[in-house]
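Given next are the chains, with one letter for each unit.
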Amino acid sequence: MAPDALNPVLRPLTPFMRIVFLGPPGSGKGTQAERLQDYLHVAHLSTGEALRRAVTANTALGREADRFMKLGHLVPDDVVFGVVAERIVDKDCIPGCLFDGFPRTVPQAEAFDRLLIERRTPLDLVIALDATEPVLTERLLSRGRPDDKPDTIRERFRQYAEQTEPLLDYYRERGILRQIGAEGTPDEVFERIRATLGRVTS
Ligand code: AP5
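Residues numbered from 1 in each chain as written. Predicted model: local features only at pLDDT ≥ 70, side-chain atom pairs only at ≥ 80, totals over all residues. Heavy atoms only, no water.

Caption draft 1: Structural view of the overall build of the protein chain. When helices and strands are counted, the protein chain shows 9 helices and 5 strands. Its C-alpha atoms give the protein chain a radius of gyration of 16 Å, within 12% of the compact-globule value 17 Å for 202 residues. Referenced to the eigenvectors of the C-alpha coordinate spread, the extents of the protein chain come out at roughly 45 × 35 × 30 Å. Residues counted as buried form 47% of the 202 residues belonging to the protein chain. (Helix = DSSP H or I, 4+ residues; strand = E, 2+ residues; numbered from the N terminus. Rg over C-alpha atoms; globule rule 2.2 N^0.38 Å. Buried < 20%, exposed > 50% of the residue type's maximum accessible area, 1.4 Å probe, protein only.)

Structure follows, in structure tokens:
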């Protein structure tokens, strides 16, 4: 596939928006995706949240995912992809969807591309958030989710560097990556995202 086959042109800002949030643990993907969801009125799919719900509900998928999540490892691609493929066909996802924490491996991104091409719903934009590790670690330690323990956080950063960072080049080559500094208050970061959307669509 030609690098820009998915997205020859960044389309004008319309309700028909598909945006991926990339970024290391604690960079604010969830926080900012929720704000952007309210702003754009599109659906929000967090694979982390979907997996945590499955863990709480003690479904077969949840039990499988839990084995990986509690160690700070990524859940296998086919398991996560099943969650996304099921959700993306929901009525509220048709006009647009914010993908928070997915894809996060190259095989996930390739499978996602195939699915989006099949559905004729290209990605509009990939927003990559970033901040320094000490800032991110402090945020996670003060949140205190079960996977926010020091050893697990370190492993999550390791997994990010190894498996997810290559996606920056993957989407840069497609011309749809925008990198945004994630330090500062949530309001400041959101303003940067809004300004970026404005530049992309003007
Ligand atoms: P997931 O829930 O996606 O975890 P993560 O990527 O590690 O990200 P976090 O939720 O920790 O951080 P975030 O960037 O969303 O930041 P947030 O807004 O929450 O995934 C959990 C696990 O599920 C993974 O480890 C993996 O096992 C599995 N998984 C999920 N998706 C997968 C996939 N595609 N493939 C395979 N496995 C997958 O903010 C963090 C904290 O900081 C909050 O307390 C927030 O209030 C605070 N905060 C946010 N912004 C700011 C700010 N600007 N200033 C101060 N505090 C801030």
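Caption draft 2: Representation of the site of the ligand. Residues in close proximity to the ligand total 30 residues, the closest being Thr31, His73, Arg104, Arg143 and Arg156. Glycine 30 is positioned such that a nitrogen or oxygen atom in its backbone is 2.9 Å from an oxygen atom of the ligand. Interatomic distance of 2.9 Å between a side-chain N/O atom of arginine 52 and an oxygen atom of the ligand. Coverage of the ligand by the protein amounts to 86% of the 1000 Å² it exposes when considered alone. For the shell around the ligand, the leading source of residues is helix 2 (residues 47-56), giving 4 residues. Residue composition of the shell around the ligand, grouped by class: 10 nonpolar, 12 polar and 8 charged. (Near = heavy atom within 4 Å. Polar contact = N/O pair within 3.5 Å; in protein donor to acceptor, adjacent residues only side chain to side chain. Areas by Shrake-Rupley, 256 points an atom, 1.4 Å probe, with all protein chains shown as cover. Nonpolar A, V, L, I, M, F, W, Y, C, P; charged D, E, K, R; others polar.)

Caption draft 3: Here's a closer look at the pairing of strand 1 (residues 17-22). In terms of residue burial, strand 1 counts as a mostly covered element, since 6 of its 6 residues are buried. Burial along strand 1 is two-sided: the residues Met17, Ile19 and Phe21 and Arg18, Val20 and Leu22 are all buried. Bridging between strand 1 and strand 3 (residues 96-100) involves 5 bridges; their strand directions are parallel. Following the sheet pairing, arginine 18 is matched in strand 3 by cysteine 97. The pairing of strand 1 with strand 4 (residues 125-130) spans 4 bridges and is parallel. By the bridge assignment, leucine 22 is partnered in strand 4 with alanine 128. (Pairing = 2+ DSSP bridges.)

Caption draft 4: Representation of the packing of aromatic side chains in the model. On inspection of all chains with the given rule, the structure shows 5 aromatic pairs. Geometrically, the ring pair formed by phenylalanine 81 and phenylalanine 102 is tilted, given 6.4 Å between the ring centres and 40 degrees between the ring planes. Of this pair, phenylalanine 81 sits in helix 4 (residues 77-88) while phenylalanine 102 is found in the loop between strand 3 and helix 5 (106-119), placing the two residues 21 residues apart along the sequence. You can call phenylalanine 81 partly exposed: its relative accessible area is 22%. On the basis of relative accessible area, phenylalanine 102 is assigned to the buried category, the value being 0%. Pairing phenylalanine 102 with phenylalanine 112 gives two aromatic rings, centres 5.0 Å apart and planes at 80 degrees, and the pair type is edge-to-face. (Phe/Tyr/Trp six-rings, centres within 6.5 Å; stacked < 30°, edge-to-face > 60°.)

Caption draft 5: Here's a closer look at the sheet that holds strand 5 (residues 177-181). Spatially, the 5 strands line up as an open sheet ordered 2-3-1-4-5, and their pairing is parallel. Each having just a single partner strand, strand 2 (43-46) and strand 5 make up the two edges of the open sheet. In this sheet, neighbouring strand axes are inclined to one another by 20 degrees on average, regardless of whether the strands run parallel or antiparallel. The pairing of strand 4 with strand 5 spans 5 bridges and is classified as parallel. Bridge assignment links aspartate 130 to a residue of strand 5, and that residue is glycine 181. The strands touched by helix 2 are strand 2 and strand 3; relative to strand 2, the strand with the most contacts, the crossing angle is about 65 degrees. (Axes fitted to C-alpha atoms, helices over the stretch in contact; angles between N-to-C directions. Contact = heavy atoms within 4.5 Å.)

Caption draft 6: Quick look at the packing of helix 2 against helix 3 (residues 60-69). Close contact between helix 2 and helix 3 brings their axes to 7 Å; oriented N to C, the two are set at 115 degrees. Remark: the crossing between helix 2 and helix 3 carries left-handed chirality. Between helix 2 and helix 3, the contacting residues are Gly48, Leu51, Arg52, Ala54 and Val55 on the first element and Leu61, Gly62, Ala65, Asp66 and Met69 on the second. Of the residues in the contact of helix 2 with helix 3, the class split is 6 nonpolar, 2 polar and 2 charged. (Left-handed = near helix turned anticlockwise from the far one by under 90°.)

Caption draft 7: Molecular detail of unusual backbone geometry. In this structure, the amide linkage connecting phenylalanine 102 to the following residue, proline 103, adopts the cis form with an omega of -5 degrees. Considering the arrangement of structural elements, one finds proline 103 in the loop between strand 3 and helix 5. Residue histidine 41 is not a glycine yet carries a positive backbone phi of 60 degrees. Within the element layout of this structure, histidine 41 appears in the loop between helix 1 (29-40) and strand 2. Owing to a relative accessible area of 68%, histidine 41 belongs among the exposed residues under this scheme. A positive phi angle, close to 55 degrees, is found at asparagine 58, a residue other than glycine. Along the chain, asparagine 58 falls in the loop between helix 2 and helix 3.

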